[in-house]
Amino acid sequence: MNNLELSVAIPTYNEAKNIETMVIRIFDSLKKANINAELIVVDDNSPDGTAALAEKMSLDYPVRVYIRTKREGPGPAILDGIRLAQAPVACVMDGDLSHPPEALPGMYQRIKSGEALLVIGSRHVQGGGTSDWIWYRKFFSWGARQLGRLLTPVNDLTSGFFMFDKKILEGTTINPAGCKVGLELMVKGKHRGLVSEYPIVFRERAAGESKMGWRETRLYILHLLNLTLYKAGNLLKNKNA
Ligand SMILES: Nc1nc2c(ncn2[C@@H]2O[C@H](COP(=O)(O)OP(=O)(O)O)[C@@H](O)[C@H]2O)c(=O)[nH]1
Ligand SMILES: [Mg+2]
């Protein structure tokens, strides 16, 4: 395809009820803004037939489906999606309609204009938000943000919706065991501080089940500690250089 501008990657596991709407909304919004994009669906062989539905959509839309044989959580699938991205700008979002596809053109514009190299779809800036969350979810989300303040000035560092110029990957290794790829990019990406938060309203998934639980919370805290060590190591290296 000529002049491919944007590759959107979606990790999926059992998103059969959402994938078709997702594809339609993504391309509706990009088409209106005249952005030439492809979509990569990275599915961990979902038993509900998500991949087959995505394949069917590829007859009408520029969709590629990559099937992984083993279920490993969204992290490794996201990294595969980024690796397969053919455009200079890549975007990662969830496949459960939580992240509004209508935000894609606005996010892309910030990269195209040179304002940012990394754009986060953010719930925690003016104009952003979440649909009703139960108090403990709000509390954990707040706690996670406070921990992350040590690492990056980004307000929404657990966001799974982010877009970036692939240049920021040069000379850095993104850790697949880190559960939050976006957070890795905020801390390790070569974005020279050109990071921007684009307001989004996060919607609860319309259908299917969330895979977020205690295991993910624990992984997230380990990930934060890991990145803190990485950052401290870098600071020391620079001091001694
Ligand atoms: N490929 C792949 N995708 C996954 C896996 N687990 C979750 N996902 C996808 O990752 C995205 C976020 O997962 P979700 O369950 O919505 O997490 P939550 O939004 O934090 O509750 C969705 O698109 C899921 O389908 C997995 O094991 N493999
Ligand atoms: Mg979700």
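Just above sits the structure.
Reading guide: rules and limits
- Residues numbered from 1 in each chain as written.
- Chains lettered and ligands numbered in written order.
- Predicted model: local features only at pLDDT ≥ 70, side-chain atom pairs only at ≥ 80, totals over all residues.
- Heavy atoms only, no water.
- Pairing = 2+ DSSP bridges.
- Helix = DSSP H or I, 4+ residues; strand = E, 2+ residues; numbered from the N terminus.
- Axes fitted to C-alpha atoms, helices over the stretch in contact; angles between N-to-C directions.
- Contact = heavy atoms within 4.5 Å.
- Salt bridge = Lys/Arg side-chain N within 4 Å of Asp/Glu carboxyl O.
- Buried < 20%, exposed > 50% of the residue type's maximum accessible area, 1.4 Å probe, protein only.
- Left-handed = near helix turned anticlockwise from the far one by under 90°.
- Nonpolar A, V, L, I, M, F, W, Y, C, P; charged D, E, K, R; others polar.
- Near = heavy atom within 4 Å.
- Polar contact = N/O pair within 3.5 Å; in protein donor to acceptor, adjacent residues only side chain to side chain.
- Patch = residues over 30% accessible without salt bridge, like charges linked within 9 Å, V, L, I, M, F, W, Y side chains within 5 Å.
- Areas by Shrake-Rupley, 256 points an atom, 1.4 Å probe, with all protein chains shown as cover.
- Parallel < 35°, antiparallel > 145°, perpendicular 65-115°, else oblique.

(A) Here's a closer look at the sheet that holds strand S1 (residues 6-12). Spatial ordering of the open sheet is given by S3-S2-S1-S4-S7-S5-S8, a layout of seven strands whose pairing is mixed. Since the sheet does not close on itself, it has two edges, and those belong to strand S3 (63-67) and strand S8 (195-199), each with one partner. Mean inter-strand twist for the sheet, computed between neighbouring axes without regard to direction, equals 20°. Examined bridge by bridge, strand S2 (residues 37-43) and S3 share five bridges and lie parallel to one another. Pairing of Leu39 across the sheet is with Val63, part of S3. The strands touched by helix H2 (residues 50-57) within the sheet are S1, S2 and S3, with S3 carrying the most contacts at an inclination of about 155°.

(B) Up close: the pattern of salt bridges. On inspection of all chains with the given rule, the structure shows 13 salt bridges. The residue Glu38 makes a salt bridge to Arg64 at a minimum N-O spacing of 2.9 Å. You can see Glu38 sitting in strand S2 and its partner Arg64 sitting in strand S3, a full 26 residues away along the chain. Taking the shortest distance from any N to any O, the salt bridge between Asp44 and Arg68 comes out at 3.4 Å. Separated by 24 residues along the polypeptide, Asp44 in the loop between S2 and H2 and Arg68 in the loop between S3 and helix H3 (74-84) bring together distant segments of the chain. Classification of Asp44 by relative accessible area gives buried; the value is 6%. Connected through shared salt-bridge partners, Asp44, Arg68, Lys70, Glu72, Asp80 and Arg83 make up one network.

(C) Main features of the packing of helix H1 (residues 19-32) against H2. Packing of H1 against H2 leaves a shortest axis separation of 9 Å and a crossing angle of 35°. Seen along the crossing, H1 lies across H2 with a hand that is right-handed. In this structure, H1 contributes Ile19, Glu20, Val23 and Ile24 to the contact, and H2 contributes Thr50, Leu53, Ala54, Lys56 and Met57. Per-class residue counts for the contact of H1 with H2 are six nonpolar, one polar and two charged.

(D) Quick peek at the site of ligand 1. In the region of ligand 1, 18 residues are neighbours, and Pro11, Glu15, Gly95, Arg205 and Ser210 sit closest. One nitrogen or oxygen atom from the main chain of Tyr13 is found 2.9 Å from an oxygen atom belonging to ligand 1. When residues of the shell around ligand 1 are traced back to their parent elements, those giving at least two are S1 and H3. Broken down by class, the residue content of the shell around ligand 1 amounts to six nonpolar, four polar and eight charged.

(E) Quick peek at the pairing of strand S7 (residues 162-165). Neither face of S7 is left uncovered, since the one carrying Phe162 and Phe164 and the one carrying Met163 and Asp165 both have all their residues buried. As paired strands, strand S4 (residues 89-92) and S7 are joined by four bridges and run antiparallel to one another. Paired with Ala90 across the strands is Phe164, a residue of S7. Relative to S7, strand S5 (residues 118-122) is paired through three bridges, and the arrangement is antiparallel. In the sheet register, Ile120 faces S7, and the bridge partner there is Phe162.

(F) Seen up close, helix H6 (residues 181-188). The buried count for H6 comes to eight of eight residues, which makes it a mostly enclosed element. Those residues of H6 not exposed but buried are Val181, Gly182, Leu183, Glu184, Leu185, Met186, Val187 and Lys188.

(G) Here's a closer look at a nonpolar patch on the surface. On the surface, Ile134, Trp135, Tyr136, Phe139, Phe140, Trp142 and Trp214 cluster together to form a nonpolar patch covering roughly 910 Å² of accessible area. No other element matches the five residues that helix H5 (residues 135-148) contributes to the nonpolar patch. Residue classification places Tyr136 among the partly exposed positions, given a relative accessible area of 43%.

(H) Examining the packing of H5 against helix H7 (residues 214-240) more closely. Where H5 meets H7, the axes come as close as 10 Å, and the angle between the chain directions of the two elements is 15°. Of the possible angle classes, the one that applies to H5 and H7 is roughly parallel. H7 is crossed by H5, and the crossing has left-handed handedness. Contacts from Phe140, Ala144, Leu147 and Gly148 of H5 reach H7 at Trp214, Tyr220, Ile221 and Leu224. Within the contact of H5 with H7, the residues separate by chemical class into seven nonpolar, one polar and no charged.

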